[in-house]
Amino acid sequence: MSSTMTAAAPIVYPDSDGMPMADNTQQFRAIVTIQGNLEALFRDRADVFVAGDLLWYPVEGRPDIRRAPDAMVVFGRPKGDRGSYRQWEEEGIAPQVVFEVLSPGNTLTEMAAKFEFYDRYGVEEYYLYDPASGDLSGWRREGGRLRVIEEIDGWVSPRLGVRFRREGGEVRMYLPDGRPFLSFVEVQEQLDRERQRAERLAARLRALGIDPDADTL
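In every chain, residue numbers begin from 1 and rise along the written sequence. Only residues with pLDDT of at least 70 are given local features in this predicted model, and only at 80 or more are side-chain atom pairs given and counted; all residues enter the totals for whole chains, interfaces and linings. Hydrogens and water are ignored here; the side-chain numbers use all heavy atoms of the structure.

- The name an unreviewed UniProt entry gives the chain is Putative restriction endonuclease domain-containing protein, with Roseiflexus castenholzii as the organism.

## Quick look at the UniProt feature "domain: Putative restriction endonuclease" (unreviewed entry) in the chain
Phase 1: UniProt positions are given in the numbering used here, feature names are shortened, and annotations may be inferred rather than shown by experiment. The sites that carry the UniProt feature "domain: Putative restriction endonuclease" (unreviewed entry) are, in the present numbering, residues 33-148.
Phase 2: Labels follow the DSSP assignment, with helices taken as runs of H or I lasting at least four residues and strands as runs of E lasting at least two, numbered in each case from the N terminus. This span, residues 33-148, is 19% helix and 31% strand, and a straight line between its end C-alpha atoms measures 24 Å.

## Focus: the sheet that holds strand β1 (residues 48-51)
Phase 1: On the basis of which strands lie adjacent, the open sheet formed by six strands has the order β1-β3-β5-β6-β7-β8 and mixed pairing. Strands at the two margins of the open sheet, each flanked by one partner only, are β1 and β8 (145-148). On average, adjacent strands in this sheet sit at an angle of 15° to one another, irrespective of strand direction.
Phase 2: Taken strand by strand, helix α1 (residues 25-41) contacts β1, β3 (71-75), β5 (97-101) and β6 (125-130), and its axis lies near 160° from that of β5.
Phase 3: Any pair of residues with heavy atoms lying within 4.5 Å of one another is described as a contacting pair. All axes are obtained by fitting lines to C-alpha atoms, using only the stretch in contact for helices, and the reported angles, taken between N-to-C directions, cover 0 to 180 degrees. Docked against the sheet, helix α2 (residues 108-120) engages β5, β6, β7 (135-142) and β8, running at close to 160° with respect to β6. We call two strands paired when DSSP finds no fewer than two bridges between them.

## A closer look at unusual backbone geometry
Phase 1: If you check the backbone angles, Asp53 has positive phi at about 55° while not being a glycine.
Phase 2: With respect to the secondary-structure elements, Asp53 resides in the loop between β1 and β2 (56-57).
Phase 3: A positive phi is found at Glu91, a non-glycine position, where the angle reads about 60°.
Phase 4: Tracing the sequence through the fold places Glu91 in the loop between β4 (85-86) and β5.

This is the structure:
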């Protein structure tokens, strides 16, 4: 008598949920700006992983339990490319900080489900930004659950060191050194202004007979 054994099919954890990263240009710009500034902030920290629109699977064997935060920061994990963030392969470390950026297509039910997910699976700080109004809300884990940050104006993220300020009816984010979060275009404009200033200074020095490229003591 012979018997056959059927091998269990491997569990697949897709790298994409088939959903677009953003519903419009305003939401996309906000996501890229937040993720880019956070990545730049921790560029010298080998133990901080920053990602945007990356699927996070917190439970092994349950590919149906997943979310793709618009931006997330994980302390204690190395940098590097990933198709998804499988928590059991990351020493069990959950993303500590998560950002979501609202779009007109988001429903209250969808946002409530996201909050429940982040609350259940250990996020320490959760920030929800509305690019249409410029408003931002935040929650911080206290007593085992996410609790609302009552006053976001002047709030400093315990994990990130990022400061939030309410200015002219909207909330802006500032790096620990006081510089504001800037979009790629704003960064490029800033670099162009600095280059133009340097060129004007060099021209004035040459007019005075000074070589701006000469080494000086």
